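Observations on chain architecture
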Amino acid sequence: MKRIALSLITLLLSGLILLNSSSAAMALSSSNGVSSQRQQGGPTQSSTFDKAEFLYWFKQCEHLQGQHALAACEQALKLNPHVAATWINHGQKLFDFRQYAKALTSFDNALLIKPDYSLGLANRCGILSVLGRYPEALDSCDMALLGDQQWGFSGQVLAWNNRGETLVKLERYEEALASFQKSLAIDPHDVAAQQYRHVVLKKLNRHDSSPPKVPGFIPSPQEQQIALVLH
């Protein structure tokens with residue numbers, strides 16, 4: 001945990017904050033912690049708001065697609081900007097629209113609320129990799145794996161795959177292979193990890209004794225690098 005704390009201090013000082021939270025139940029419970037979140041430097045809001053209305057827009061944000069989903073996320077954030085899960089899903093919707101810089105800002109806002117949130121850090125790793133900020137991406141994935149182990153629907157494979165994909169971009173193929181092997185140890189049926197592993201083995205001129213079950217599959221950024229908070 002000391003390593004996480006020191007890394008977060010470095011990111012905070014450089015203005016590169018992170019992201020967080022989990023489900024609808026957590027969304028409502030976290031709304032009662034406004035004063036403590038203010039002390040952490042998060043956004044400010046009125047001490048009272050319509051929780052039922054917030055929960056409605058939170059669920060719409062989570063489950064809708066496209067512009068309607070983005071609008072729902074923004075409405076939820078207007079009602080209560082202190083729920084990290086909303087920021088995560090907002091960032092994912094922005095990512096779908098290729099608004100990568102804005103997506104990173106949403107992830108950063110979420111991590112201001114809960115800096116050790118594993119899913120948030122894994123998402124941040126993915127968006128930083130898309131932006132070509134590979135060393136920061138690796139740090140964020142490593143911190144995700146050391147974080148609170150709250151992964152939502154995604155599981156640790158999101159962090160390991162994002163980490164491996166970033167290492168592929170850096171041409172650090174042995175390390176990338178190790179990351180994908182970690183993913184497959186957790187979920188042997190993860191198609192993205194299978195595909196990435198296959199690509200890396202070809203780069204290393206090694207025979208793949210377990211070729212992907214879907215050979216033509218190429219993971220898209222939406223499929224691999226960013227995950228919604230689901231429950």
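In this report, we go over the structure that sits alongside the text. (Residues numbered from 1 in each chain as written. Predicted model: local features only at pLDDT ≥ 70, side-chain atom pairs only at ≥ 80, totals over all residues. Heavy atoms only, no water.)

1. Regarding the packing of aromatic side chains
Condition: Stacked, tilted and edge-to-face are the three classes assigned to paired rings of Phe, Tyr and Trp, where Trp is represented by its six-membered ring and a pair needs centres within 6.5 Å; plane angles under 30 degrees give stacked, over 60 edge-to-face, the rest tilted. What counts as a helix is a DSSP run of H or I of at least four residues, what counts as a strand is a run of E of at least two, and both are numbered from the N terminus. Think of it in three bands: residues with accessible area under 20% of the maximum for their type are buried, residues over 50% are exposed, and the middle band is partly exposed, with areas taken using a 1.4 Å probe on protein chains only.
Following the criterion strictly, the structure yields four aromatic pairs and no others. Their ring planes at 75 degrees and their centres at 5.0 Å tell us that Tyr56 and Trp57 sit as a pair that is edge-to-face. Aromatic pair Phe180 and Tyr196: ring centres 5.0 Å apart, planes at 10 degrees, arrangement stacked. Taken together, the residues span a long stretch of sequence, with Phe180 in helix H11 (residues 173-186) and Tyr196 in helix H12 (residues 191-203) at a distance of 16 residues. With a relative accessible area of 0%, Phe180 lands in the buried category.

2. Focus: the environment of Asp50
Here is the rule we go by: Distance and chemistry together define a polar contact, namely a pair of N or O atoms within 3.5 Å, with one atom able to donate a hydrogen and the other to accept it when in protein, and with adjacent residues in sequence counting only for side-chain atoms on both sides.
Locating Asp50 in the fold gives a position in the loop between helix H3 (34-39) and helix H4 (51-63). Sequence separation of Asp50 and Asn80 is 30 residues, and the distance between their C-alpha atoms is 9.2 Å. A polar side-chain atom of Asp50 sits 3.0 Å from the main-chain amide nitrogen of Glu53.

3. Overview of the state of the cysteines
Threshold: Disulfides are defined as cysteine sulfur pairs within 2.5 Å.
This structure, assessed with the given rule, holds two disulfides. Each sulfur of the disulfide joining Cys61 and Cys73 lies 2.0 Å from the other. Between Cys61 and Cys73, the disulfide has an S-S torsion of 80 degrees and is therefore right-handed. Here Cys73 lies in helix H5 (residues 66-79) and Cys61 lies in helix H4, a separation of twelve residues in the sequence. Covalently, Cys125 is tied to Cys141 through a disulfide, its sulfur atoms 2.1 Å apart. Negative torsions about the S-S bond denote left-handed disulfides, and the value of about -90 degrees found for Cys125 with Cys141 makes this one left-handed.

4. A closer look at H5
Here is the rule we go by: Residue count minus one, scaled by 1.5 Å, sets the expected span of a helix.
For H5, with 14 residues, the first-to-last C-alpha span of 21 Å sits near the 20 Å given by 1.5 Å per residue. Ala69, Leu70, Ala72, Cys73, Ala76, Leu77 and Leu79 are the residues of H5 that are buried.

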